[in-house]
Amino acid sequence: MTPRVARTDLGSAHVLLTGATGFVGQAVLERLLADHPKTTITILLRTKGSAGADDRLRMLLRKPVFRAWRERVGADKADAIAKKRIRVLEGGLSDVPPLPTDIDIAIHSAASVSFDPPVDQAFSTNVGGAVNLYEALLASGSTPDVVHVSTCYVGGLRKGVQPEASLTHTVDWRAEYRSALAAREQVETESRDPELLRGFIGAARAEHGKEGPQAVAKAAEAARVEWVTAKLVDWGRTRAESLGWTDVYTLTKAFAERAAETLWAGNGHKLSVVRPAIIESAIQHPYPGWIDGFKVADPLIVAYGRGQLPEFPGLPDSVLDLIPVDYVVNAILAAAANPPAKDPQYFHVASGNSNPLPFHEMFEYVNRFFLDNPMPKAGEGHVIVPDWKFPGGNQVEKAIVRRERRVARAARWAARLPRTAGTRDLTARLQRGASDLETLRNFVVLYRVYVQTEIIFDDTNLRALHEALPAKVQADRGFDIPSIDWKHYLLDVHFPSITDLTRMFSRGRGGGAAVTPTAAKVLPERRDVLAVFDMEGTVVDSNIVLQWLWVKTAGWKILTWPFRVVGVLARLSGYLRAEKRDRGEFIRSFLRRYEGTRVARLERIVRGGYTNTLLRHTSPQAVARIRAHRAAGHRTVLVTGSIGRLVEPLAGLFDEVVAGEMHERDGVLTGYLAKPPLVDEARAAWLRQYAERGGYDLRDSYGYGDSHADLVWLDLLGHPHAVNPDAALRAEAQRRRWPIDRWSRTGRSPKRGEIEAPTRSAAASEDIPEGVS
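(A) Fine view of the overall build of the protein chain. Each helix and strand in the protein chain was counted, giving 27 helices and 20 strands. Taken across its 773 residues, the protein chain has 53% of its residues classed as buried. When the accessible surface of the protein chain is totalled, it reaches about 35,000 Å², and 52% of it is carbon and sulfur.

(B) Molecular detail of the packing of aromatic side chains. On inspection of all chains with the given rule, the structure shows 14 aromatic pairs. Put simply, the rings of Phe533, Phe654, Tyr704 and Trp743 touch in pairs and so form one group of aromatic residues.

(C) Spotlight on the side chain of Glu261. Relative to the helices and strands, Glu261 resides in helix H9 (residues 248–263). One polar contact links Glu261 to Tyr346, side chain to side chain, over a distance of 2.5 Å. Sequence-distant contacts of Glu261, that is, excluding residues within four places in its chain, are made with Ser166, Gly266, Leu271 and Tyr346.

(D) Helix H2 (residues 53–60), seen in detail. Every buried residue belonging to H2 is among Ala53, Arg56, Leu57 and Leu60, and all of these are buried. Taken around the axis of H2, the buried residues stretch over an arc of 105 degrees, which confines them to a single face. Elements in contact with the buried residues of H2: helix H1 (23–35), strand S2 (40–45) and strand S3 (86–90).

(E) How the structure looks around unusual backbone geometry. In this structure, the amide linkage connecting His285 to the following residue, Pro286, adopts the cis form with an omega of 5 degrees. Here Pro286 shows up in the loop between strand S8 (278–280) and helix H10 (298–305). Even without a glycine there, the phi angle at Asn724 is positive, about 45 degrees. Within the secondary structure, Asn724 is located in the loop between strand S19 (719–723) and helix H27 (727–736). Even without being glycine, Arg737 reaches a positive phi, approximately 65 degrees. Mapped onto the secondary structure, Arg737 falls in the loop between H27 and strand S20 (740–741).

(F) Structural view of the pattern of salt bridges. Under the criterion given, the structure shown has 35 salt bridges. Arg224 serves as the salt-bridge partner of Glu221, at 2.9 Å between the closest nitrogen and oxygen. You can see Glu221 and its partner Arg224 sitting in helix H8 (residues 213–243), three residues apart, about one turn around the helix. Taking the relative accessible area as the measure of exposure, Glu221 reaches 37% and is therefore partly exposed. Given a relative accessible area of 6%, Arg224 falls into the buried group. For Arg526, the salt bridge identified is with Asp700, shortest N-O distance 3.2 Å. Of the two residues, Arg526 is situated in the loop between strand S12 (515–516) and strand S13 (530–534) and Asp700 in the loop between helix H25 (680–694) and strand S18 (702–705); the sequence distance between them amounts to 174 residues. Exposure remark for Arg526: the relative accessible area of 25% places this residue in the partly exposed category.

(G) Broad picture of the packing of helix H6 (residues 173–191) against H8. Axis separation between H6 and H8 bottoms out at 10 Å; the angle between their running directions is 145 degrees. Here the hand of the crossing between H6 and H8 comes out right-handed. Facing Glu176, Ala183, Arg184, Gln186, Val187, Glu188, Glu190 and Ser191 of H6, the residues of H8 in contact are Arg224, Trp227, Val228, Lys231, Leu232, Trp235, Arg239 and Leu243. Partitioning the contact of H6 with H8 into residue classes produces seven nonpolar, two polar and seven charged.

Rules used in this analysis
- Residues numbered from 1 in each chain as written.
- Predicted model: local features only at pLDDT ≥ 70, side-chain atom pairs only at ≥ 80, totals over all residues.
- Heavy atoms only, no water.
- Helix = DSSP H or I, 4+ residues; strand = E, 2+ residues; numbered from the N terminus.
- Buried < 20%, exposed > 50% of the residue type's maximum accessible area, 1.4 Å probe, protein only.
- Areas by Shrake-Rupley, 256 points an atom, 1.4 Å probe, with all protein chains shown as cover.
- Phe/Tyr/Trp six-rings, centres within 6.5 Å; stacked < 30°, edge-to-face > 60°.
- Polar contact = N/O pair within 3.5 Å; in protein donor to acceptor, adjacent residues only side chain to side chain.
- Contact = heavy atoms within 4.5 Å.
- Arc of directions from axis to C-beta.
- Salt bridge = Lys/Arg side-chain N within 4 Å of Asp/Glu carboxyl O.
- Axes fitted to C-alpha atoms, helices over the stretch in contact; angles between N-to-C directions.
- Left-handed = near helix turned anticlockwise from the far one by under 90°.
- Nonpolar A, V, L, I, M, F, W, Y, C, P; charged D, E, K, R; others polar.

Right under this line is the structure:
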């Protein structure tokens, strides 16, 4: 029973706080420091990387939530207060260290807030953490009043009013806990089944075969690990639904409550359970709009602002139960100051009963905000947000399936087209469309229950506790839910805070993979830096097939052209299959067409019309970039799978050209390579050796490539550039946030005599390898 006049002062209590680095935990710690000056606070902190627990505390106290308090008392005094009042225990809830014997209040706010983690992780953090904490408290001899922070949604899949009381389920939570922890070993064993492994290898070879065997093995193992994770996520989601809960998060939070009731209240100790709804930014304290990263509803709001959600399966009359974080903190501390006399007490910190926000009203505010404050659309003005009609879950699902099929068909069609600027733009649009669809589907799966809920959380106990607070502190330390003006809070406080966070996050990540005609940065002058250029598709708008045709058209009678072209076309599909499987195989196969060619004749052809054709197909942007690197003192290297004699017209642009060589016999090409082609992993191995022997710093070096096969060696360099990339390399470049350059033949290509002689060559320097030894 809540007292007639509730206490608000914690006095000189010794408070144990878990989850101090989390969203709610930070805000609780700030309130304790700012408004309860006699308290002593013990927090659990793990080491993280090279940062010890004390280092992490120093970093924590410089976060925005503490800014107003630090400014009010002064930075030096704030540090002195923290040193005097905060005690750090190094450890976490998986291995709770011995706890002090004089704890008066324990606030357990640590938890995994992911809706869909693997089942073993969810149980280990949320259930195991609670079990370990309460067992450690019992072992310590302390008898604190415990505030266990849970969630309103622990009641599971229900309709109607959910009371502020203990849950009524009869599930054996201990058995479920043991089963969840054993799940990983079972799934890991299953993932190593030969049939599954063959599938992983086959898929990896199809996608990464061009990169080399180690890339295939790495991708296959990554696919196995991803399969394990997906299996464990599905295990948790399905088990939760089978027991009547929305997801594994709410299931494990329900079991954590039962652990608290069993282990703590069941042993005669005082327990308060605080169940917040969807916690969002502060309405007042420490300042309006304070938030620490995106919370539950925010990804949905931002995705809508970005135009990624054309429709959504929410029920328009469903209540979206939001609550500002400072109301949650105030309720936690009020519960801590007013423990129950005997039986556990429960509080729903929710708005749905006293001040409901229907989903359609929330949408109207979001729509209005982004119409008035549209988000930028890269290179295309601003995003125009859609107008949702709420057609129902089934209609939205059908629309998603139709769009997924259309995008998949278009992607298969685009993959067969020649690689041009138009097809690259088409592929990029299709990739964005597929990404948006994936975002939409993920949101539908994760949020469906929360935007279609028909449950109302009773807040009788919470309202009674607020009304029992002294009138003079209710505005600052209370939680007057009916007083929230949703229009003001959302339009003027919350939406601006999360869109500011979005822009700040984008700036911190560089705003995305840059797509530019060419890099405009001034290059730093260095002598220990490489600039490595792939040739085909990067420096020159060609491939070895085109080069062969140029050779033939420049050196053979015109009447033979059709027959030679027809011969290539007849085997084109085979060449393409070989190129997709293994670029080295493709090069070996196609260069067999030079069998019987006289070397002297080939050299005359190259000196003749072939050179003019090659230079016409050389990108002016590439030439400018190469010259910029040389001017900065970087060693420029052209690496190609083509024949060295066919690259000679470009040799003067570079310090060195590393190319393939064909086997000769009596001045005639045999059609065989003199050594394996320098592609994918072989090129990466060569580059590592080249840098080591030449004393070059790969971390500050540059690379330019166009194909997924170039990924493995580009990844070695500190400044990789994807130039006119194929779909697979483009996707990887976007994921890794590499620059994407568009080079073309627009502009003036170099002419004969304009390409200077090389200043250095590998042959002239014995300490630099010419290829793979």
